[in-house]
Every structure is written in C-alpha cells, then in structure tokens.
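Residue strings, one per chain:
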Amino acid sequence: MRRLWAFLAALTLAASLCGLAVQAEGWDEEEEISLYSLENVPTPLPDPNATPAPTPEPEPTQPPILQPDGSQLITITAVGDVTIGYDVEHERKGYGLFDRELRSNDGDINFIFRNVKAIFEGDDLTIANFEGVLADDTVTVKKKGNGSFRFVGEPSYAQVLSNNSVEAVTMENNHIGDFGQAGIDSTANAIESVGVVWSNKDHMGVYETQGVRIGMLAYQIVPPLQSYEMRADELMVKVAEDIALARQTCDIVTVSFHWGKEKDYAPRNSGDYRQIDLGRAAIDAGADLVLGHHSHRINPIECYNGKYIVYSLANCSFAGNNRPDDMSTFIFQVRFRIKDGAAATDSFRIIPCRISSVKKDNNLIITPYTDPKDIDTVLNNMRLNSKGLEYAVEKYPLEWE
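Computed from a predicted structure; not experimentally measured.

As for the overall build of the chain
Part 1: What the chain contains, in helices and strands, is eight helices and 19 strands.
Part 2: The buried share of the chain, reckoned over its 401 residues, is 53%.
Part 3: The long-range fraction of contacts in the chain, counting pairs at least 24 apart against all pairs at least 6 apart in sequence, stands at 71%.
Part 4: Looking at the chain as shown, the accessible area adds up to about 18,100 Å², and 51% of this sits on carbon and sulfur atoms.

Set out below in structure tokens:
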C-alpha cells in the first residue's frame, strides 16, 4: 500500500511539474507558483492552549530494500535554515511576517513545505537547520535591542516538521539560545513530542531507517565567538572525538556546522572562520557528510576524499525578512550505498529553489525553480564561487547519475 501511495504521489508531482514548466516563462511577480494539489484540504492549526495529544509510538523502522547487487541505497535530503514564528525585537506577536502568511493560508502550518513535501517523502531522511525557539510566553525575556533578532513560535508549530517528512533537525545555531536554557529545553521538548530527532553540540541525534543507523552531530562557530563557544582548533578536537564515538554505533555519520559570515557566497578559511579546515577535518575524522549553514546564501560543494562538504545550504523557509535581496536556495540530496556493513557515498544531486513561491516578496513557501534561466543562475553562482576550492565538484547534477 505504501508503494502504491508513493507511486501516485510521484505521478501527481510529475504532472504538476510539467504544467509549471509551461507556466513559468510568464511568471508574474504576484502569481504564486505551487506544486500543491488542489485536492489537499488545509489542516487547521491546533489551539496552542489545548491539551497536547499523547506522543505517538514510533513506527517500526522500514525493512531493508535490497538492490540487485545486494546493497541498500539510503537517500538523505538536506535543507538550510527553517525560521518560523515572530521576531520579538521588531514585530508584535500575531502581526509578524510569519503570522500574516499563516493567516493567509487559513492557519495551515504546513504551507511552508507544501511545494517540497513530495521530495521529502521520497527519501529516507530529511535534515533541516531549525533556527529559532518554540516556546510559550513564560520563557520570554527582556529584548536585546541593538538591531538583534530573536525568533519564537508556538510549541505546536513543531508539527510542521513531522507532517512534512522532516525527520531530523539541527539545533546548534546562533538563535537557539535567544531565550536561554528554558527556550532550548522547550524547543527540544516540542520537537521530540512530534517524533522528530534533534542534535546539538552535546546531543547526537540518531535516526534508523531500513535497519541503517544514521548519527547526526551539530556544532556552531560564528565569529565573533561567544564565551561558551570553542575556537576552531578546539572545535576540531571535539568534533573528532564525537565522530569516533558515533562511529561505534552508527553506519552513517553526518556533521552539521553553523559557521562562516552572513551573506558570504563562499567559505572562509582564516582566523576562526576556518570553514574549509573544519569541514575537511571532519571528513578525515570519519564523517560521511558535512552540511553547513548560517550565511543565508548558496555556497559551493566539495568532494573531499570521496565525501561531500556542502558549505552553505542557504535559507529554506525564512521568516526573518519579507524581501531578502537573494531568495535563491537549493535542496541537497545524497545517496549512500550500504553493503557488507560498510557505507560508501554513491551520488548526489541538487534541486534549485526559491524561498518563496512568488517573485516579489517572501511568502515563506520554498518552491523548486522551473524556469531554466533561474536554474542556470543557481548553477552558475555555485560554479563561480568554487574558484580556489581545491576539491570543488566539477558539476552540479539536477538528476541522479
């Protein structure tokens, strides 16, 4: 039955994409491009004051699906910053960008992923960087001011992850601590309550699929460093130690870094901006994949010792700006082949996207590009900014090879 539904979903997505390819050439700035089936009825957002439902029992892991050679293929999808809720420094609760878009979508929290849900459902694991806090008013603290941003949403918003096949998130970034330890704990509890795995510098997330255990580690290094953050050389030691521990119980190990400088289109490698050194050191220590974010911009990808380093996944659904000066992003997908107890990187592809389904403003709905000109802009951007990277990938496939 699951295979039948997956097949029907694939047919629906293909039909939608074919229709959009014709429409995109005349895309009006106010016209919304959507892969959302009209048959889908929005699910009203639950009352945040209602008694929460009991945590559902996790479903049994999917049994192994063997390839003709006896191996298994595990597909991992990665996206960048997911920032939902309102900014307490600049917005009034109920009237921010996210709140306005939520109301315009009839209170259906799932609107942000409606154009990529089928992609997320077609893999074995989807990982996002969750940048913000999910908490009620009891953890709100005094505003920081000075142009700072602090994002908070209702704990019930966590359902947008589980409802749309986002199985794991990283919670190590420069906004997760904006409301203190109480905010961190509240966010972790909200995410756990919907069955989603999370990771930070002190907590490895583990997700099992097809009998394969995937360990996820997450760290941040965003200069100027805060008192609780490690310097790059110190972080390298911790990362190597954590990877060694993860390898004892996990078949695949991913490492996520919140790093670099905002609005950079390429990684830096000086002072504590040692992104290249950190990424390669993680691979040398045994990581199978390195994922980066923080710059809000697309960065190139390296293939180092047969493993991929994705320096920046940019934004995914970002409520921090109603009109960013660059709304391009991409979805990264990689396949691992598991055979005889060992995992090897098989292939990757990217899906160029816009963080909005309309051109002029940011409506928070991440949407795959269909216009070849938009797709080429993303590809050319990544190629141009890969100059100087010794192990930059030669091409960015849009389909599996």
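Comments concerning helix α8 (residues 372–384)
Part 1: Spanning 13 residues, α8 covers 18 Å between terminal C-alpha atoms, matching the ideal 18 Å at 1.5 Å per step.
Part 2: Every buried residue of α8 is listed here: Asp374, Ile375, Val378, Leu379, Asn381 and Met382. Seen end-on, α8 carries its buried residues on one side only, within an arc spanning 155°. Across α8 from its buried face, at more than 90 degrees, point the exposed residues Pro372, Lys373 and Leu384.

Points about the pairing of strand β14 (residues 301–304)
Part 1: Sheet topology places β14 next to strand β15 (residues 307–310); four bridges connect them, and they run antiparallel. Its bridge partner being in β15, Cys303 is matched across the sheet by Tyr308.
Part 2: Between β14 and β15, which pair antiparallel in sequence order, lie two residues; one of them, Asn305, sits at a positive phi of approximately 50°.

As for the pairing of strand β1 (residues 72–83)
Part 1: The element β1 is extensively covered by neighbouring structure, given that twelve of its twelve residues are classed as buried.
Part 2: Across seven bridges, β1 lies against strand β17 (residues 328–339) in antiparallel orientation. Residue pairing for β17: Thr75 is matched across the bridge by Arg335.
Part 3: In this sheet, strand β3 (residues 125–130) lies alongside β1 in parallel orientation, the contact comprising five bridges. By the bridge assignment, Asp81 is partnered in β3 with Asn129.

Re the sheet that holds strand β13 (residues 289–293)
Part 1: Here six strands make up an open sheet; going across it, the order is β8-β9-β10-β13-β15-β14 and the pairing mixed. Two strands bound the open sheet, and with one partner strand each, they are β8 (205–209) and β14. Taking the axes of each pair of neighbouring strands and ignoring which way they run, one obtains an average angle of 20° across the sheet.
Part 2: Here three bridges tie β13 to β15, and the two strands are oriented parallel to one another. Directly across from Leu289, in β15, lies its bridge partner Tyr308.
Part 3: Sheet contacts for helix α7 (residues 275–284): β9 (212–221), β10 (252–259), β13, β14 and β15; angle to β10, the most-contacted strand, approximately 165°.

A few points about the confidence of the model for the chain
Part 1: Per-residue pLDDT for the chain has a mean of 85; in total, 82% of the residues score no lower than 70.
Part 2: Counting contacts from residues 1–30, a segment whose pLDDT is below 50, to residues more than four positions away or on other chains yields 27 contacts.
Part 3: Across residues 36–46, where pLDDT falls below 50, the model places 19 contacts with residues more than four positions away in sequence or in other chains.

Notes on helix α5 (residues 180–193)
Part 1: Taking 1.5 Å of rise per residue, the 14 residues of α5 would be expected to cover 20 Å, and the 20 Å separating its terminal C-alpha atoms lies within 8% of that figure.
Part 2: Turning to α5, its buried residues are Gly183, Ile184, Ser186, Thr187, Ala188, Ala190 and Ile191.
Part 3: Close packing links the buried residues of α5 with β3, β4 (133–134), α4 (159–163), β6 (168–170) and β7 (197–199).
Part 4: Positive phi appears at Gly195, one or two residues downstream of α5, with a value of about 80°.

Focus on the nonpolar core
Part 1: Counting 38 residues, the largest nonpolar core has Phe98, Phe113, Leu161, Val169, Ile191 and Ile331 as the members making the most contacts within it.
Part 2: Looking at this core, the elements that each hand over two or more residues are β1, α2 (97–104), α3 (117–121), β3, α4, α5 and β18 (342–354).
Part 3: Sorting elements by how many residues they give to this core places α5 first, with four residues.
Part 4: Ignoring anything within four residues of it in the chain, the contact list for Val169 reads Ala128, Phe130, Leu161, Ile191, Val196, Val197, Trp198 and Ser199.

Considering the side chain of Arg114
Part 1: The topology assignment puts Arg114 in the loop between α2 and α3.
Part 2: Separated by 2.9 Å, the side chains of Arg114 and Asn105 make a polar contact.

What counts, and where the lines are drawn
Residues numbered from 1 in each chain as written. Predicted model: local features only at pLDDT ≥ 70, side-chain atom pairs only at ≥ 80, totals over all residues. Heavy atoms only, no water. Helix = DSSP H or I, 4+ residues; strand = E, 2+ residues; numbered from the N terminus. Buried < 20%, exposed > 50% of the residue type's maximum accessible area, 1.4 Å probe, protein only. Contact = heavy atoms within 4.5 Å. Areas by Shrake-Rupley, 256 points an atom, 1.4 Å probe, with all protein chains shown as cover. Expected span 1.5 Å × (residues − 1). Arc of directions from axis to C-beta. Pairing = 2+ DSSP bridges. Axes fitted to C-alpha atoms, helices over the stretch in contact; angles between N-to-C directions. pLDDT = per-residue confidence, 0-100. Core = buried A, V, L, I, M, F, W, Y, C linked by side-chain atoms within 4.5 Å. Polar contact = N/O pair within 3.5 Å; in protein donor to acceptor, adjacent residues only side chain to side chain.

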